[in-house]
Amino acid sequence: MIILVGGEKGGSGKSCLAQNIAVYLRAERDATVLMVDCDPQRTTSDWIQERNNNKRDLPNINCVQLYGKIRNELLSLRNHYDFVVIDCGGQDNLALRSSMAVADNILIPLRPKRRDLKTVPHMEDLVSTCKMVNPKMNVAFVITQCPSLPSLASRIIEAKEVCRSFEIPVLNSVTFSRNMYDDSEELGLSVMENEPDGKAAWEIRSIVDELFARGRGETYDIRQFEEKIAVGQS
Ligand SMILES: Nc1ncnc2c1ncn2[C@@H]1O[C@H](COP(=O)(O)OP(=O)(O)OP(=O)(O)O)[C@@H](O)[C@H]1O
Ligand SMILES: [Mg+2]
């Protein structure tokens with residue numbers, strides 16, 4: 001299965017999500033996982049290097065860098081791993097389009113901010129073009145780095161409403177802005193390895209489980225995670 005984390009907005013949390021999803025599948029679902037880094041900034045490749053240098057005995061995740069027209073390479077890699085997780089850099093480029101043409105699952109992270117939400121119409125165009133060659137893709141927006149102040153909760157709801165006014169669904173699961181993400185990244189860890197029962201860890205599990213449930217056409221009850229994620233705390 002190919003999972004693409006992409007979009008054209010810089011800093012929306014694509015690399016962070018891709019890395020955490022890869023560890024979740026590798027460590028908690030015991031799957032074989034390959035990460036594909038399509039970003040010339042090499043964020044994910046550097047994170048893998050940090051991970052390999054970490055003294056803890058972490059589950060091994062391989063990573064390759066691919067750029068440009070990567071469709072055929074992805075199709076061939078898919079045969080060798082349970083999951084191929086792609087981190088696509090923050091722009092509409094060939095790698096993003098060719099990944100969208102073959103991905104089984106696509107997550108497009110957006111912060112609940114005007115500049116991120118402005119990219120929604122273009123993403124919808126791109127997705128509908130790619131759907132012509134990949135009609136079975138399971139695609140969703142996910143709102144990331146949500147403010148935890150209760151007085152700002154309306155921003156999360158508004159961001160979801162903007163997404164819902166377009167053709168692409170938006171996940172109920174979100175990530176809140178938590179230092180745990182940044183702190184884990186620095187050590188080559190996932191949030192699940194840094195604090196297995198922490199709120200960030202449950203956010204990642206919830207995002208992946210909801211995305212997969214959507215792909216199977218099942219409804220997903222986010223309430224199973226609600227207590228663990230408890231809005232408003234970090
Ligand atoms: N939920 C979160 N809470 C707090 N910080 C976060 C969260 N998600 C991501 N970050 C931080 O935000 C920064 C940008 O995230 P990331 O590098 O994943 O974005 P990106 O979309 O891959 O950016 P680029 O477009 O440059 O590739 C990183 O420092 C990351 O640790
Ligand atoms: Mg990135």
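Residues numbered from 1 in each chain as written. Chains lettered and ligands numbered in written order. Predicted model: local features only at pLDDT ≥ 70, side-chain atom pairs only at ≥ 80, totals over all residues.

As annotated in an unreviewed UniProt entry, the chain carries the name AAA family ATPase and comes from Bowmanella dokdonensis.

Student: Explanation requested: the overall build of the chain in the structure shown.
Tutor: On a plain count of helices and strands, the chain comes out with eleven helices and six strands. Here the chain has a C-alpha radius of gyration of 16 Å; the compact-globule value for 234 residues is 17 Å, and the two agree. Counting only C-alpha atoms, the chain reaches 45 × 45 × 35 Å along its principal axes. For the chain, the proportion of contacts with a sequence separation of at least 24, taken over those separated by at least 6, is 77%. (Helix = DSSP H or I, 4+ residues; strand = E, 2+ residues; numbered from the N terminus. Rg over C-alpha atoms; globule rule 2.2 N^0.38 Å. Contact = placed C-beta atoms within 7 Å.)

Student: Explain the sheet that holds strand β4 (residues 83–87) here, please?
Tutor: Strand pairing in a sheet is mediated by backbone hydrogen bonds. Such pairs are either parallel or antiparallel. Read across the open sheet, the six strands follow the order β3-β2-β4-β1-β5-β6; overall the sheet is parallel. Looking along the sheet, the strands with just one partner apiece sit at the ends: β3 (62–65) and β6 (138–143). Averaged over all pairs of adjacent strands, the angle between strand axes in this sheet comes to 20°, irrespective of strand direction. With four bridges connecting them, strand β2 (residues 33–37) and β3 associate as parallel partners. Considered in β3, the bridge of Val36 is made with Val64. Across the sheet, helix α3 (residues 71–78) touches β1 (2–5), β2 and β4, and the angle it forms with β4 is around 145°. (Pairing = 2+ DSSP bridges. Axes fitted to C-alpha atoms, helices over the stretch in contact; angles between N-to-C directions.)

Student: Would you explain the site of ligand 1 in this entry?
Tutor: In the vicinity of ligand 1 there are 19 residues, among which Gly10, Lys14, Ser15, Cys16 and Gly90 approach most closely. At the level of elements, α1 (14–28) and α8 (179–186) are the ones that each hand at least two residues to the shell around ligand 1. Classifying every residue of the shell around ligand 1 by side-chain character gives two nonpolar, twelve polar and five charged. (Near = placed C-beta within 6 Å. Nonpolar A, V, L, I, M, F, W, Y, C, P; charged D, E, K, R; others polar.)

Student: Is there a simple way to think about the nonpolar core in this case?
Tutor: Generally speaking, nonpolar side chains in soluble globular proteins are found buried as a group. Of all hydrophobic cores here, the largest spans 65 residues; its most connected members are Ile21, Met35, Val85 and Ile86. Looking at this core element by element, the count peaks at eight residues for α1. (Core = buried A, V, L, I, M, F, W, Y, C linked by C-beta atoms within 7 Å. Buried ≥ 20, exposed ≤ 12 C-beta atoms within 10 Å, placed from the backbone.)

Student: Please clarify how the UniProt feature "domain: CobQ/CobB/MinD/ParA nucleotide binding" (unreviewed entry) in the chain should be interpreted in this entry.
Tutor: Per the UniProt entry, the sites bearing "domain: CobQ/CobB/MinD/ParA nucleotide binding" (unreviewed entry) are residues 3–180 in this numbering. Counting secondary structure, residues 3–180 comes out at 40% helix and 16% strand; the distance between its end C-alpha atoms is 23 Å. (UniProt positions renumbered as here; feature names shortened; annotations may be inferred.)

Student: Whenever I open this one, the environment of Val33 confuses me. Can you help?
Tutor: Tracing the backbone shows Val33 in strand β2. Taking the C-alpha atoms as reference points, Val33 and Thr43, ten residues apart in sequence, are found 17 Å from one another. The contact partners of Val33, leaving out residues within four places of it in the chain, are Ala22, Leu25, Arg26, Ile61, Tyr81, Asp82, Phe83 and Val85.

Student: I tried to follow unusual backbone geometry on my own but got confused; where do I start?
Tutor: Across the chain, the bulk of peptide bonds are trans and the bulk of non-glycine residues have phi less than zero. Notably, Asp30 is not glycine yet its phi reads approximately 55°, a positive angle. Tracing the sequence through the fold places Asp30 in the loop between α1 and β2. Even without being a glycine, Gln145 presents a positive backbone phi close to 55°. Turning to its location among the elements, Gln145 is positioned in the loop between β6 and α7 (153–164). By the C-beta count within 10 Å, which is 20 here, Gln145 ends up buried.

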